[in-house]
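What the coordinates show
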Amino acid sequence: MSNESTRKTISRKDFLRTGIAAGALAGLASVAQGADATGKSSPIQPAVPWKEGDDILIRMQSDLHKALAKPRNQRKWGMVIDLRKCVGCHACTIACKAENVLPPGVVYRRVINAGSGTYPDLKQKSVPVLCNHCEKPSCVKACPVNATHKREDGIVAMNYKTCIGCRACLTACPYGARSSDFGEFYTASTPALQAYETRPSFEYREPRPRKKGRSPIGNARKCHFCTQRIESGQLPACVTTCIGKATIFGDRSDESGYLANLIRETNPRGLKEEYGLEPHVLYIGLEGVKL
Amino acid sequence: MPSISFLPLTNLGSAMPWGLWISVYVWLIGISTGSFLLVCLSSLLKSDSLKSGRQQFLLLALCALGGALLCVNLDLGHIERSFELFTALNPVSPMSWMGKLYPLYALMLLILIFRRDVPLSRPVAIAGIIFALVLIVVESLLFAMPPGKAWHSPIAPVHFITISIASAVFAISLVFRWMVSDPEKTAGAESFARGATLLLALFIVVEITEIILSGGAGHLTHWAGVLVTLLAMLMYLRTPFSTLASITGLVGTGLAKYFSIVSAQYHQPFVGFSGAYTEPKVLFAYAPSGFELFAALAIIAGCVVGLFILNKVVPSLPGRTNK
């Protein structure tokens, strides 16, 4: 009996030892995946499998992962905002601010209270406005040093190391979607600058602590569809935060994707289409809205 | 290299990104290219009006160019990267082309100033006129191209040409009076004054047209520049080359440029846009800070001092009367 119990004890010890070792290895692997020593964005986060009837966010993330499996030049990112669902909570504005560590004077997305209809049948709609990642961006034409450029996946991006801060792109954008970083801090006049302001953002997949004398201070800045998130398999911050599920994001070139289907079914419109810039942020329910 | 920027000392913001320094830059470039254009034009027309002070007027163009480039560099968010304006090329960006044209323009001025053996012959004068017009038009495209802005107007290039010439008329008159000779005793000065008055009248007409087309007719600030310039023109008519008329005219054209640039940015891209997100640096409001005013005035004063110093140092063309 004692031999049998000894064998069981040894087996339990071995089991525990093996289990702990395996768990440690798995933990190290996950840490290695999620925390790159150089701060570069981690590899693609695993998607939650989607099935019919699941939440729209899971559907969008599934489509996102499908797009990430394609070469970059075959992805065409776009966005549709359903004004019938937007409640004007401004959570997207704040989520963007937090995700990208935006300082005073820099805002990528804001929500306008717009009216529609004629008296007495008046209505109010909330209209989020952001960079439209136009097909023919006027800001790219204006930039003298090619710091603003149109990527092959459709995102109009900034090269923070090249930008000279002339702000020609700010004046060129008809949507007011761009900001200039004047180097201010919310807590500058307090006894100490707070860590939430000086912590690095990971825009364009590089750690960017905000320090005087360093980009992005002095640069033009704009929405980039949270490139650091989408390229690691996560939806942009405004999309996941939206309480009304009003912001839809995805790959326009994926004909079977949720975004492309939505565009086909609802025929959304862009802002200021008459300028011929071909915006890729479209709106459902824009008819009659006075902007 | 750490970034160098004076923008934190300004009252500029994301809603109003361009202010006094850009206005002064455009104004000085107008004086420079306008002066060069008038010198070349008078040479082409074989007019004596600007012959006696040609050296000084070219120095005026050079000093104004230097002041303008200093001003626009001051306005950058990364002054240490300004060299990229000369090395990078975006074929559809007016500012990118300006970065390539300005050095050529400066070289052209330096050659004409320092090389007496390069006469302002007919081919050189024609080339100079074309080059000056190209510079002015490319600069106007920086403002005319962006859709949705009040500057986005087919009349913008014409407006820029006429305001450049108007500014140059007053600047040349001032230089004529103070650095060349008594205009009353100089051959050709009277013909210049007559021609200048016509050019000023043309500018007034174009400026009023631009104000109406841009929708600014109901705002007093839009009219400030043109009214002051109109006053200067009337003073000029009464007493050509008077210092007061010239300075008033320069102030008028400067105001016209300032209010044109600044007021167009007050126009919000959407109704309710400013209320959607409110922070000091995203307000549609602007008044130059003390530092902006000081720097702008210092640059203008530097141009004037530089002109006087260069006038003493640079060998003059035959026939120039020292003052």
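Check the entry above for the structure.
A brief report on the enclosed structure follows. All values derive from a computational prediction rather than experimental measurement. (Residues numbered from 1 in each chain as written. Chains lettered and ligands numbered in written order. Predicted model: local features only at pLDDT ≥ 70, side-chain atom pairs only at ≥ 80, totals over all residues. Heavy atoms only, no water.)

1. Some remarks on the overall build of chain A
A count of helical and extended segments in chain A gives nine helices and eleven strands. Residues classed as buried in chain A amount to 52% of the 291 residues present. The long-range fraction of contacts in chain A, counting pairs at least 24 apart against all pairs at least 6 apart in sequence, stands at 64%. Of the roughly 13400 Å² that chain A leaves accessible, carbon and sulfur atoms contribute 57%. (Helix = DSSP H or I, 4+ residues; strand = E, 2+ residues; numbered from the N terminus. Buried < 20%, exposed > 50% of the residue type's maximum accessible area, 1.4 Å probe, protein only. Contact = heavy atoms within 4.5 Å. Areas by Shrake-Rupley, 256 points an atom, 1.4 Å probe, with all protein chains shown as cover.)

2. Examining the overall build of chain B
Helix and strand counts for chain B stand at eleven helices and zero strands. A compact globule built from 323 residues would reach a C-alpha radius of gyration of about 20 Å, and chain B, at 20 Å, matches this within 12%. For the C-alpha atoms alone, the extent of chain B along its principal axes is close to 65 × 50 × 35 Å. Out of the 323 residues belonging to chain B, those deemed buried represent 57%. Looking at chain B alone, contacts between residues at least 24 apart form 79% of all its contacts between residues at least 6 apart. When the accessible area of chain B is evaluated, it comes to approximately 13100 Å², of which 74% is carbon and sulfur surface. Charge centroids of chain B, computed over 18 positive and 13 negative side chains, lie 11 Å from each other. (Rg over C-alpha atoms; globule rule 2.2 N^0.38 Å. Lys, Arg positive; Asp, Glu negative; His and termini not counted. Charge placed at Lys NZ, Arg CZ, Asp CG, Glu CD.)

3. Here's the deal with the pattern of salt bridges
Residue and element names in this part refer to chain A. Under the defined criterion, the tally for this structure stands at 20 salt bridges over all chains. As a salt-bridge pair, D251 and K70 come within 2.5 Å of each other at their nearest N and O atoms. Residue D251 is located in strand β8 (residues 247–251), and its partner K70 is located in the loop between α2 (56–68) and β1 (77–82); the two are separated by 181 residues in the primary sequence. For D251, a relative accessible area of 4% gives the class buried. (Salt bridge = Lys/Arg side-chain N within 4 Å of Asp/Glu carboxyl O.)

4. Some remarks on helix α1 (residues 20–44) of chain B
Residues and elements named next belong to chain B. End to end, α1 covers 35 Å across 25 residues, agreeing with the expected 36 Å (1.5 Å per residue, within 8%). Counting buried residues along α1, 22 of its 25 residues qualify, which places the element largely inside the surrounding structure. In the stretch just after α1, K46 is the one whose phi turns positive, near 55°. (Expected span 1.5 Å × (residues − 1).)

5. Structural notes on the side chain of E231(A)
All names here are of chain A. Tracing the backbone through its elements, the reader meets E231 in the loop between α7 (227–230) and α8 (237–241). Of the polar contacts made by the side chain of E231, one reaches the side chain of R205; its length is 3.5 Å. Apart from residues no more than four positions distant in its own chain, E231 is found in contact with I44, L68, R72, R151, D153 and R205. (Polar contact = N/O pair within 3.5 Å; in protein donor to acceptor, adjacent residues only side chain to side chain.)

6. Quick word on the packing of aromatic side chains
Tallying each qualifying case throughout the model produces 20 aromatic pairs over all chains. With centroids separated by 6.1 Å and ring planes inclined at 75°, the aromatic side chains of F273(B) and F284(B) adopt a geometry described as edge-to-face. With a gap of eleven residues between them, F273(B) in helix α10 (residues 273–276) and F284(B) in the loop between α10 and α11 (290–313) connect regions that are remote in the sequence. Here F273(B) and F284(B) have matching classes, each one buried. Pairwise contacts between aromatic rings join F57(B), F170(B), F176(B), F192(B), Y236(B) and F241(B) into one cluster. Of note, R210(A) hangs over the ring of F185(A), and the distance from its end group to the ring centre comes to 4.4 Å. The ring of F160(B) is capped by K257(B), whose NZ or CZ atom sits 3.6 Å from the centre of that ring. (Phe/Tyr/Trp six-rings, centres within 6.5 Å; stacked < 30°, edge-to-face > 60°. Lys NZ or Arg CZ within 6 Å of the ring centre and 35° of its normal.)

7. Some words on unusual backbone geometry
Residue and element names in this part refer to chain A. With omega at 0°, the peptide bond leading from Y119 into P120 counts as cis. Tracing the sequence through the fold places P120 in the loop between β2 (110–116) and β3 (123–129). Of note, the bond from S215 into P216 is cis; its omega dihedral lies within 30 degrees of zero at 10°. The topology assignment puts P216 in the loop between α6 (195–198) and β7 (220–221).

8. Description of the packing of α1(B) against helix α6 (residues 156–180) of chain B
All names here are of chain B. It is the contact of α1 with α6, at a shortest axis distance of 7 Å, that shows an interaxial angle of 80°. Overall, the two elements α1 and α6 adopt an arrangement that is roughly perpendicular. Of α6, the residues touching α1 (which contributes V26, W27, G30, I31, T33, G34, S35, L37 and L38) are F160, S164, I165, S167, A168, V169, A171 and I172. The class makeup of the residues in the contact of α1 with α6 is eleven nonpolar, six polar and no charged. (Axes fitted to C-alpha atoms, helices over the stretch in contact; angles between N-to-C directions. Parallel < 35°, antiparallel > 145°, perpendicular 65-115°, else oblique. Nonpolar A, V, L, I, M, F, W, Y, C, P; charged D, E, K, R; others polar.)

9. Comments concerning the packing of helix α7 (residues 189–213) of chain B against helix α8 (residues 220–238) of chain B
A packed helix pair is summarised by two numbers, namely the angle formed by the two axes and the spacing between the axes. All names here are of chain B. Where α7 contacts α8, the axes come no closer than 10 Å and their chain directions differ by 160°. The orientation of α7 relative to α8 falls into the category roughly antiparallel. Along this stretch, α7 crosses α8, giving a crossing that reads as left-handed. Between α7, through F192, A193, A196, T197, L200, A201, F203, I204, E207, I208 and I211, and α8, the contact on the second element is made entirely by H222, W223, V226, T229, L230, M233, Y236 and L237. The residue inventory of the contact of α7 with α8, partitioned by class, reads 15 nonpolar, three polar and one charged. (Left-handed = near helix turned anticlockwise from the far one by under 90°.)

10. Comments concerning a nonpolar patch on the surface
All names here are of chain B. Residues M1, I4, F6 and L9 make up a contiguous nonpolar surface patch of roughly 410 Å² in combined accessible area. With respect to the helices, strands and loops of the structure, F6 is situated in the segment before α1. Given the relative accessible area of 30%, F6 is considered partly exposed. (Patch = residues over 30% accessible without salt bridge, like charges linked within 9 Å, V, L, I, M, F, W, Y side chains within 5 Å.)

11. Comments concerning the interface of chain B and chain A
In this assembly, 42 residues from chain B lie in contact with 54 residues from chain A. Note on chain B versus chain A: buried area summed over both sides is about 3700 Å², and carbon and sulfur give 60% of it. When the buried area of chain B at its contact with chain A is split by residue, P147(B), F270(B) and Y277(B) rank highest and sum to 17% of it. Joining chain B to chain A, the criterion identifies two salt bridges. (Buried area = accessible area lost by both parts, 1.4 Å probe.)

12. Things to note about the environment of C92(A)
Note that C92(A) resides in helix α3 (residues 91–99). If we skip the residues at most four places from it in the chain, C92(A) touches R109(A), V111(A) and C238(A).

13. Some remarks on the nonpolar core
Nonpolar side chains in soluble globular proteins tend to end up buried together. If you look at the biggest cluster of nonpolar residues, it comprises 172 residues, and the most contacted ones within it are F225(A) and Y283(A). Sequence-distant contacts of F225(A), defined by excluding residues within four places in its chain, comprise W77(A), G78(A), M79(A), L130(A), H133(A), I155(A), I230(A), P236(A), F249(A) and V281(A). (Core = buried A, V, L, I, M, F, W, Y, C linked by side-chain atoms within 4.5 Å.)

14. Quick word on the environment of A166(B)
All names here are of chain B. Its location among the elements puts A166 in helix α6. Looking at A166, the relative accessible area reads 0%, which means it is buried. Spatially, the C-alpha atoms of A166 and I126 are 20 Å apart, while their sequence positions differ by 40 residues. The contact partners of A166, leaving out residues within four places of it in the chain, are L200, F203 and T253.

15. So, the sheet that holds strand β10 (residues 281–284) of chain A
Strands in a sheet are paired, the pairing made by backbone hydrogen bonds, and the direction either parallel or antiparallel. Residues and elements named next belong to chain A. Ordered by their spatial adjacency, four strands build an open sheet running β8-β1-β10-β9, and the pairing between neighbours is mixed. The sheet is open, and its two edges are formed by β8 and β9 (269–270), each paired on a single side. Across five bridges, β1 lies against β8 in antiparallel orientation. Residue I81 lies in a different strand from β8, and its bridge partner there is T247. Its contacts with the sheet place α2 against β1 and β8, and it is angled at close to 20° to β8. Contacts from helix α9 (residues 258–266) reach β1, β8 and β10, with the element oriented near 115° to β8. (Pairing = 2+ DSSP bridges.)

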